[in-house]
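Observations on chain architecture
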Amino acid sequence: MATVVASAPGKVHLIGEHSVVYGEPAIIAAISLRCTVSATRSESMRIWGRELHQTLEATPREWATSLEQACAIHRSCMQSKNFRPLFDLMKKKPMNLPLVASALVLEKLSVRTGANIKIRSDIPIGSGLGSSAALAVSMAKALSTAYCYELSSDEINRIAFEIEQFNHGTPSGGDNSTCCLGGLIWFEKRPPVNIIRQVEGAIPGNLSNFLLVQTRKREKKTGQLLQIVRDLPEDFRVVRVKILGRVTGEMFGALGRKDAATIKRLMNEAQQVLAELRVSTVEIDQLTEAIRRIGGGAKLSGAGGGGFVICFHEDRKRLEETIRGMGYSPCEVQLGVKGVRLEASA
Ligand code: PMV
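Residues numbered from 1 in each chain as written. Predicted model: local features only at pLDDT ≥ 70, side-chain atom pairs only at ≥ 80, totals over all residues. Heavy atoms only, no water.

**Digging into the site of the ligand**
Near the ligand, the surroundings consist of 17 residues, among which His 18, Ser 172, Arg 218, Thr 222 and Ala 303 are the closest. Contact distances for the ligand include 3.0 Å between an oxygen atom and a side-chain N or O atom of Lys 11. Between Asp 175 and the ligand, the recorded distance is 3.2 Å, taken from a side-chain N or O atom to an oxygen atom. Considered on its own, the ligand offers 380 Å² of accessible surface; in the complex 96% of this is hidden by protein. Broken down by secondary-structure element, the contributors of at least two residues to the shell around the ligand are strand E1 (3–15) and helix H7 (222–230). Among the residues forming the shell around the ligand, the class breakdown is six nonpolar, seven polar and four charged. (Near = heavy atom within 4 Å. Polar contact = N/O pair within 3.5 Å; in protein donor to acceptor, adjacent residues only side chain to side chain. Areas by Shrake-Rupley, 256 points an atom, 1.4 Å probe, with all protein chains shown as cover. Helix = DSSP H or I, 4+ residues; strand = E, 2+ residues; numbered from the N terminus. Nonpolar A, V, L, I, M, F, W, Y, C, P; charged D, E, K, R; others polar.)

**Section: the side chain of Asn 157**
With respect to the element layout, Asn 157 can be found in helix H5 (residues 153–168). Among the residues examined, Asn 157 registers a relative accessible area of 8% and is labelled buried. Ignoring anything within four residues of it in the chain, the contact list for Asn 157 reads Asn 176, Ser 177, Cys 180 and Ile 196. (Buried < 20%, exposed > 50% of the residue type's maximum accessible area, 1.4 Å probe, protein only. Contact = heavy atoms within 4.5 Å.)

**A word on the layout of surface pockets**
One number sums up the size of the second largest pocket: a volume of about 480 Å³. Every residue lining the second largest pocket is counted, 19 residues in all, and those nearest its centre are Arg 158, Phe 161, Pro 192, Val 193 and Asn 194. Broken down by secondary-structure element, the contributors of at least two residues to the lining of the second largest pocket are H5 and helix H6 (174–181). Tallying contributions element by element places H5 first for the lining of the second largest pocket, with six residues. Grouping the amino acids of the lining of the second largest pocket by side-chain chemistry returns six nonpolar, nine polar and four charged. (1 Å grid on protein atoms, 1.4 Å probe; cavity = no way out; pocket = protein on both sides within 12 Å on 5 of 7 lines; lining within 4 Å. Points joined across faces, edges and corners; volume = space filled by probe spheres on them.)

**Remarks on the state of the cysteines**
A complete count under the given rule lists zero disulfides for this structure. Cys 179 carries a free sulfur, and the closest cysteine sulfur to it, the one in Cys 180, is 8.6 Å from it. (Disulfide = S-S within 2.5 Å.)

**Describing the nonpolar core**
In terms of nonpolar packing, the biggest core is built from 84 residues, with Met 139 and Leu 143 touching the most fellow members. Ranked by residues supplied to this core, first place goes to helix H4 (residues 131–146) with 10 residues. In this view, Met 139 contacts Val 37, Pro 98, Ala 101, Ser 102, Val 105, Ile 117, Ile 119 and Ser 144; residues no more than four positions away in its chain are not counted. Membership of the second largest hydrophobic core comes to seven residues, among which are Val 21, Ile 185, Phe 187 and Leu 226. (Core = buried A, V, L, I, M, F, W, Y, C linked by side-chain atoms within 4.5 Å.)

**Thoughts on the pattern of salt bridges**
Under the defined criterion, the tally for this structure stands at 20 salt bridges. In this structure, Glu 283 engages Arg 216 in a salt bridge whose closest nitrogen and oxygen atoms are separated by 3.8 Å. Pair noted here: Glu 283 is in helix H10 (residues 282–293) and Arg 216 is in the loop between strand E8 (210–214) and H7, with a separation of 67 residues, a long-range link. (Salt bridge = Lys/Arg side-chain N within 4 Å of Asp/Glu carboxyl O.)

**So, the packing of aromatic side chains**
Applying the stated criterion to the full structure yields two aromatic pairs. Seen from their ring centres, Trp 186 and Phe 252 are 5.4 Å apart, and the 75° between their planes marks the pair as edge-to-face. Of this pair, Trp 186 sits in strand E6 (residues 184–188) while Phe 252 sits in helix H8 (residues 234–257); the two residues are 66 residues apart in sequence, bridging distant segments of the chain. For Trp 186, a relative accessible area of 10% translates into the label buried. One residue, Arg 240, lies across the ring of Phe 236, its end atom 3.6 Å from the ring centre. (Phe/Tyr/Trp six-rings, centres within 6.5 Å; stacked < 30°, edge-to-face > 60°. Lys NZ or Arg CZ within 6 Å of the ring centre and 35° of its normal.)

**Let's talk about the packing of H4 against H6**
At their nearest, the axes of H4 and H6 sit 8 Å apart, and the two run at 55° to each other. In this view, H4 runs oblique relative to H6, as classed from their interaxial angle. In terms of crossing hand, the pair formed by H4 and H6 is right-handed. Counted together, Ala 133, Ala 134 and Val 137 of H4 and Asp 175, Asn 176, Cys 179 and Cys 180 of H6 form the full contact between these two elements. Of the residues that constitute the contact of H4 with H6, the class distribution is five nonpolar, one polar and one charged. (Axes fitted to C-alpha atoms, helices over the stretch in contact; angles between N-to-C directions. Parallel < 35°, antiparallel > 145°, perpendicular 65-115°, else oblique. Left-handed = near helix turned anticlockwise from the far one by under 90°.)

**Observations concerning the pairing of strand E7 (residues 195–198)**
Sheet topology places E6 next to E7; four bridges connect them, and they run antiparallel. Residue Ile 185 lies in a different strand from E7, and its bridge partner there is Gln 198. Counting the residues in the hairpin turn of E6 and E7 gives six residues. (Pairing = 2+ DSSP bridges.)

**Things to note about unusual backbone geometry**
Apart from glycine, the bulk of residues carry a negative phi angle, and the bulk of peptide bonds sit in the trans form. In the segment running from Pro 191 into Pro 192, the intervening peptide bond is cis, with an omega of 10°. Of note, Pro 192 is situated in the loop between E6 and E7. For Cys 148, which is not glycine, the phi dihedral falls at a positive 65°. With respect to the helices and strands, Cys 148 occurs in the loop between H4 and H5. For Arg 278, which is not glycine, the phi torsion reads 70° and is therefore positive. Here Arg 278 is to be found in the loop between helix H9 (260–276) and H10.

**Some details on the pairing of E1**
In terms of residue burial, E1 counts as a mostly covered element, since 12 of its 13 residues are buried. In the sheet, E1 pairs with strand E2 (residues 26–42) via 12 bridges, with the strands oriented antiparallel. Residue pairing in the sheet places Ile 15 in a bridge with Ile 27 of E2.

Written out as structure tokens, the structure reads:
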């Protein structure tokens, strides 16, 4: 049987995380860390997988279960439209995302046989860089191609969004759209048809001045961090969500003008509001404050609660020195890379 290999990039939020869930815009960049899925059709009813996250596990974790069982879990979750029981269940028995993702893709294609799956990802899990969205997108592309479906980007993206819903409860769809389409995108959640625009022309000239810094791994899942924001008093939350929306609009203009001073100011403003929304950490506050003090811009990326911080300064050397001085290693990634793609088919 032919094996199909597909990969999708992770993402970083330049701005607009959390508020994007409430209909405000976000600007999100695909990054040069990728998740790669190899899929081979199988005549049995089983899905077999092998997963290796370079950053997490030294030895591959293997899993196998029946397709029927995996589909049943997904159906009950979607029917109830209540994700609290799902999170409770996951606490007791951690969900196997690759398994759910592959089962869901096969169900969407009305395929009644299984698959052999191998996953290799260089995107750290649960760190705000879209590891689950990249997995969902690359899984949808690899499996559908292995079963000879030629799905459009929109179709791949829709399936990936359902996988993301399973994993996070009420995501915006921004992560999977960026991992699917690549580039730098302006995203607005407007169901049934979201507003998604490529803003490639707006990528600042010197991208290497954006650096990522990994702080402590987050303890909460994206869905739980979304719940923290949702549980805040409504008037308190609404005001801050609106500020993030306004700041994101201004960021679009600043990126277009390559206006570094405004980009930094807006990143810092967003970080302040995200901290007020209770999704920052002491570590992130200290790091972003240090970068602010040298005249740079820095903010958490994604759901927060730990994970990656995105930093920007025209003086890259000074930025790196400050990051190292705080005990971290700066991580350089390319922003605005290509979205999902087929790597090989043999
Ligand atoms: O931390 P991540 O990579 O799962 O990103 C979450 C981004 C949010 O805006 C907080 C949620 C969403 O669905 O857009």
